[in-house]
Amino acid sequence: MDFDLFVIGGGSAGVRCARISAGYGARVGIAEERHWGGTCVNIGCVPKKLLVQAGEYGGWADDAAGFGWTITKGEHDWGKLIAAKDREITRLEGIYRKLLSGAGATVFDGRAVFIDDHTVEVAGKRVTAEKIVIATGGYPERPPVPGAELGIVSDDAFFLKAMPRHVVMVGSGYIAVEFAGIFAALGAEVHLVYRQPLPLRGFDQDIRESMEEALRAQGIILHPGTTPAKVEADGDRRILTLGDGTTIATDLVFFATGRRANVAGLGLEKIGVELNAKNAVKVDEHLRTTVPHIYAMGDVTDRVNLTPVATAEGHALADTLFGGNPRSVNLRNVPSAVFTTPPLASVGLTEEEAAALGPVDIYLTRFTPMRHNLSGRGRKTTMKLVVDKGTQKVVGAHMLGEDAAEIIQGIAIAVIMGATKADFDRTIGIHPTAAEEFVTLRTRTRTTDLAKAAQ
Ligand code: NDP
């Protein structure tokens, strides 16, 4: 065999797995057909966060007047932002590639496809490997409506030549609400078209309600309970027709309607790697596919599609295969954030999920952060703890408000350690912060018991 391990896909999962395995002395090859670092670094989390930050500066410039500053904001220069973003992403992509060669992995620029279960073809070469990892990620999917190709998806959004003045976002998952916030903060009129009554299905109900209010407060025009029916072109303009027949004329229709596993054309069927009902690679808890020496991880398995999960899986697999430390990643209590303005972050169970298991005490607070009493921006923060009534363990923590992602990351450690409400209560706050509210929630808002109600 040419390699002990061959990794298909140089994204978060693949790069980590290849780098750590090579560090253990394994002979490692890795192929990437598009850009090193994958979706997150190039067309996902990282450039998205830079665009979110660009929008935040505009808000701060407006807020400054309340603190005595006279600031003339002027026009935003989209071209300058995208050029700066591109320079940063090029730098990061270079670092990813260097990390791999520095660790001793052999890097292939090209698409790898299976020839047989120990052989892949990449960049015109056939290479063999003892073990192979599929880490090819996912891609954004358009809904099956006529004219969908006239709309863009997140892959395209980072390379728009000009900032659209009018945008219709379709969907209300992570990507839809994040980009709605970005375009609104940069000055566009934004419509959000979604089929649920509230955005962000799957998140806690109180937080979803607060998100709806936050989106409205940003001036985003909400169309709940609606679906896209067709898209038509009128020169450079786009006409989106909704299910009820109404139309919206816009510069840009942006479909953020979910992602699919990147499995097409890899040759999986001929080697016996099976897919699951979501058309993603089927794996067990040790990331093994239905072929014993072939593994898969990250978004191509479509379980918890988050970069830190992918990197954790890549590391765990390298430790297991070559580090003498067999382990798997626990996918319970994975914290995550949605980088809206302000952001949302959460860890653990929602009130609805927890209450289905047994009675829960809910502690909920909503307040205007100190800064906005002066800025006059009318922004609110919502914080919520979900506490198991029997054990008094904090089983969920949710926040929508400034710095939510930074705050919940720390709270997640406590939740994973099994901290109780009493542990939160005996923690002294840092004053004056928003975070201190999490340790000063004295009054129970309600007790919820869906399990009992369902009996
Ligand atoms: P999500 O799965 O989060 O959301 C998809 C959205 O599209 C939902 O609102 C869904 O509605 C809607 N939808 C799906 N099909 C249709 C249709 N045919 N017609 C109308 N609406 C439709 O996908 P995203 O694309 O937002 O993100 C993909 C994944 O990427 C996320 O789940 C997350 O794992 C990851 N991600 C994480 C981020 C972060 O951590 N900050 C940022 C961006 C992405 P409904 O709810 O009714 O099904």
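Let me sum up the structure you'll find in this document. Bear in mind that the values here come from a model prediction, so they are computed numbers and not experimental data.

**Description of the pairing of strand β13 (residues 247-250)**
A one-sided burial pattern is seen for β13, the buried positions being Ile248 and Thr250 and the unburied ones Thr247 and Ala249. In this sheet, β13 lies alongside strand β12 (residues 237-242) in antiparallel orientation, the contact comprising 4 bridges. Residue pairing for β13: Arg238 is matched across the bridge by Thr250.

**Considerations on the packing of helix α1 (residues 12-23) against helix α4 (residues 78-103)**
Between α1 and α4, whose axes approach to 8 Å, the crossing angle comes to 25°. For the element pair α1 / α4, the angle class is roughly parallel. For the pair α1 and α4, the sense of crossing is left-handed. Two secondary-structure elements touch here, α1 through Val15, Ala18, Arg19, Ala22 and Gly23 and α4 through Tyr96, Leu99, Leu100 and Ala103. Among the residues forming the contact of α1 with α4, the class breakdown is 7 nonpolar, 1 polar and 1 charged.

**Digging into the sheet that holds strand β22 (residues 446-448)**
One open sheet accounts for 6 strands, arranged β17-β18-β21-β20-β19-β22; its pairing is antiparallel. Of all strands in the sheet, those bounded by a partner on one side alone are β17 (336-338) and β22. Strand-to-strand twist across the sheet, computed as the mean angle between neighbouring axes with direction ignored, equals 20°. As paired elements, strand β18 (residues 344-348) and strand β21 (residues 394-400) share 5 bridges and run antiparallel to each other. Its bridge partner being in β21, Ser346 is matched across the sheet by His398. Most of the contacts of helix α7 (residues 205-217) go to β21, to which it runs at about 5°, and overall it touches β18, β19 (360-367), β20 (381-388), β21 and β22.

Rules behind the numbers
Residues numbered from 1 in each chain as written. Predicted model: local features only at pLDDT ≥ 70, side-chain atom pairs only at ≥ 80, totals over all residues. Heavy atoms only, no water. Buried < 20%, exposed > 50% of the residue type's maximum accessible area, 1.4 Å probe, protein only. Helix = DSSP H or I, 4+ residues; strand = E, 2+ residues; numbered from the N terminus. Pairing = 2+ DSSP bridges. Axes fitted to C-alpha atoms, helices over the stretch in contact; angles between N-to-C directions. Parallel < 35°, antiparallel > 145°, perpendicular 65-115°, else oblique. Left-handed = near helix turned anticlockwise from the far one by under 90°. Contact = heavy atoms within 4.5 Å. Nonpolar A, V, L, I, M, F, W, Y, C, P; charged D, E, K, R; others polar.

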